[in-house]
Amino acid sequence: MTMHEIRVIQTAQDTADRLTEQEALTFTPDLHDDRENQLINVYDDIEYQEIIGFGGALTEASAVTIAKLSDDKQQEILQAYFDKDTGIGYTFCRSHINSCDFSLGNYSYVDVEDPSLESFDISRDREAIMPLISKAANIAGDEFKLFSSPWSPPAWMKTNGEMNNGGKLKPEFLEVWAQYFVKYIQAYEAEGIRIWGLSVQNEAKAKQIWDSCIYTAEEEKDFVRDHLGPALEANGLSHVKVMIWDHNKERVYDRAKVAFEDEAASKYIWGIGFHWYSGDHFEALSAVHERFPDKALVFTEGCQEGGVHLNSWKTGERYAHDIMGNLNNWMSAWTDWNIVLDEQGGPNHVGNYCDAPIIADTIQNEVIYESSYYYIGQFSKFILPGAKRIASSKYTDQLETSAFKNPDGSIVVVILNRTDNTIPYALRYQGQLADTACPPHSIQTLIF
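Remember, predicted model here, so these are calculated numbers, not experimental data.

(A) Seen up close, the overall build of the chain. Counting its secondary structure elements, the chain contains eleven helices and 22 strands. Each principal axis of the C-alpha atoms in the chain carries an extent, and together these give about 75 × 55 × 35 Å. Going through the 448 residues of the chain one by one, you find that 60% of them count as buried. By sequence separation, contacts in the chain at least 24 residues apart represent 73% of the contacts at least 6 residues apart.

The structure is reproduced here in structure tokens:
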């Protein structure tokens, strides 16, 4: 491929284009440098954050659903997500410590009161989750990273005596809970699965009817400062990245401020995780970066709620809009929620059914790719781990754009059109132009 040729990959509604390569564009010299209209500019000498990767959550629900399919369909799903050539190149994944709502039921690794944790046992995870993680890691290769999040401590550690319906961690078990994280990491590593990172608590503000536990900003910060951080350090696990919050963006700055202004806590905290369920709030991410530029911003969960949305195009557009807005405001890694769910949008032990980019029809033994799979792939397949976001500008708010420079020097520009109209544009880069257009309800990835 010469410098003058631009690869175009497209996914578009009302067409057959699904991550489909189009005819290449050609740059021509912008000889007179007087073109003013319809421009998308790319400036590769201005760099922002480094991209760690894209991926999804390897939950018990996903694992047991995949396992119900025939061997060839199981392999198809794993390749579709984790193969960087034939799939969309996932490398950055999440799992759960103890059960979550997308488990078959409540469970923990120490079900009866045992502050010594001598009875700690991950055999439940060996049944479905760990085999799925291992298969994914084998396909993804050396770039694969896994972080884990608890939805709730064991019931006996909590003020309400159950894993569901919120409650808090009892003060007398703060240190035991910190040691529980250590045991989890060690148990997984003994089985050949390296834990790259942790979040302290999934959705630390939400009292849910499923597995949940409440922390105020001060409680979460103090737990990391006084218990979790020192426990990791004492056990040679300081390399494990710790993230706080792991909840919606509308309060991401407030939680960051409390945690990161405490130097003794902040030294143990690598970054802050966030979800999308309260709206865009992209500017809040930039506020965190401006105030705390050394802390990473990671999208740790998002999904389309309300069961399966078969053949919906809006789900894909929702994903792309949010991914792009987050990337343009300093996000460095992105994780979808369940990689696969069944035909009902589960299993989920409290009926909190959702959509996933791949739906497995376990009755018909079919694999169904939703629009979200292709829209995510327009980012994850082409923006490689180690890429840097670079500067760009666009002439109209009818298009959403973001630009990157990969480690091999290639430039990647993603262009989203959520309107009903074909939107023309001219890509402009280093004194060269390429004229083209973005079809209605489409997303394009340009690579040169």
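(B) A look at the sheet that holds strand β15 (residues 358-361). Read from one edge of the open sheet, three strands run β14-β15-β16, paired in mixed fashion. If you trace the sheet from one side to the other, it starts and ends with β14 (340-342) and β16 (366-369), each paired once. When the angles between neighbouring strand axes are averaged without regard to direction, this sheet yields 30 degrees. Pairing analysis gives four bridges linking β15 to β16, with the strands arranged antiparallel. The partner of Ala360 across the bridge, within β16, is Val367. Here helix α2 (residues 71-82) sits on the sheet in contact with β14, β15 and β16, set at roughly 20 degrees to β16.

(C) Quick look at the packing of aromatic side chains. Under the definition given, this model contains 35 aromatic pairs. Plain terms: the ring middles of Phe54 and Trp334 are 6.5 Å apart, the flat faces sit at 45 degrees to each other, and that makes the pair tilted. Of this pair, Phe54 sits in strand β6 (residues 53-57) while Trp334 sits in strand β13 (residues 331-338), placing them 280 residues apart in sequence. A relative accessible area of 3% means that Phe54 is categorised as buried. Trp334 sits in the buried class, given a relative accessible area of 0%. Here Phe120 and Tyr180 contribute two aromatic rings whose centre-to-centre distance is 5.0 Å and whose plane-to-plane angle is 75 degrees, an arrangement assigned as edge-to-face. Note that Phe120 is positioned in the loop between β7 (92-97) and α3 (123-127) and Tyr180 in helix α5 (residues 174-190), a separation of 60 residues in sequence. Through a chain of ring-to-ring contacts, the aromatic side chains of Tyr107, Tyr109, Phe120, Trp177, Tyr180, Phe181, Tyr184, Tyr188, Tyr215 and Phe223 assemble into a single cluster. One cation-aromatic arrangement involves Arg389 over Tyr48; the distance from NZ or CZ to the ring centre is 4.0 Å. A cation over an aromatic ring shows up here: Arg389 above the ring of Trp330, its NZ or CZ 5.4 Å from the ring centre.

(D) Representation of the side chain of Glu203 within the structure. Along the chain, Glu203 turns up in the loop between β9 (197-199) and α6 (217-234). Notably, Glu203 is buried but unbridged: the nearest opposite-charge side chain belongs to Arg94, and the N-O separation is 7.0 Å. A polar contact is formed between the side chain of Glu203 and the side chain of His275, at a distance of 3.0 Å. Not counting chain neighbours up to four residues away, the residues in contact with Glu203 comprise Gln208, Cys213, Trp245, Asp246, His247, His275, Tyr277 and Glu301.

(E) Representation of the pairing of β7. In terms of burial, β7 is a largely internal element, six of the six residues being buried. In this structure, β7 lies alongside strand β8 (residues 145-150), joined through six bridges in parallel fashion. Residue Arg94 lies in a different strand from β8, and its bridge partner there is Phe147.

Criteria and cut-off values
- Residues numbered from 1 in each chain as written.
- Predicted model: local features only at pLDDT ≥ 70, side-chain atom pairs only at ≥ 80, totals over all residues.
- Heavy atoms only, no water.
- Helix = DSSP H or I, 4+ residues; strand = E, 2+ residues; numbered from the N terminus.
- Buried < 20%, exposed > 50% of the residue type's maximum accessible area, 1.4 Å probe, protein only.
- Contact = heavy atoms within 4.5 Å.
- Pairing = 2+ DSSP bridges.
- Axes fitted to C-alpha atoms, helices over the stretch in contact; angles between N-to-C directions.
- Phe/Tyr/Trp six-rings, centres within 6.5 Å; stacked < 30°, edge-to-face > 60°.
- Lys NZ or Arg CZ within 6 Å of the ring centre and 35° of its normal.
- Lys, Arg positive; Asp, Glu negative; His and termini not counted.
- Salt bridge = Lys/Arg side-chain N within 4 Å of Asp/Glu carboxyl O.
- Polar contact = N/O pair within 3.5 Å; in protein donor to acceptor, adjacent residues only side chain to side chain.

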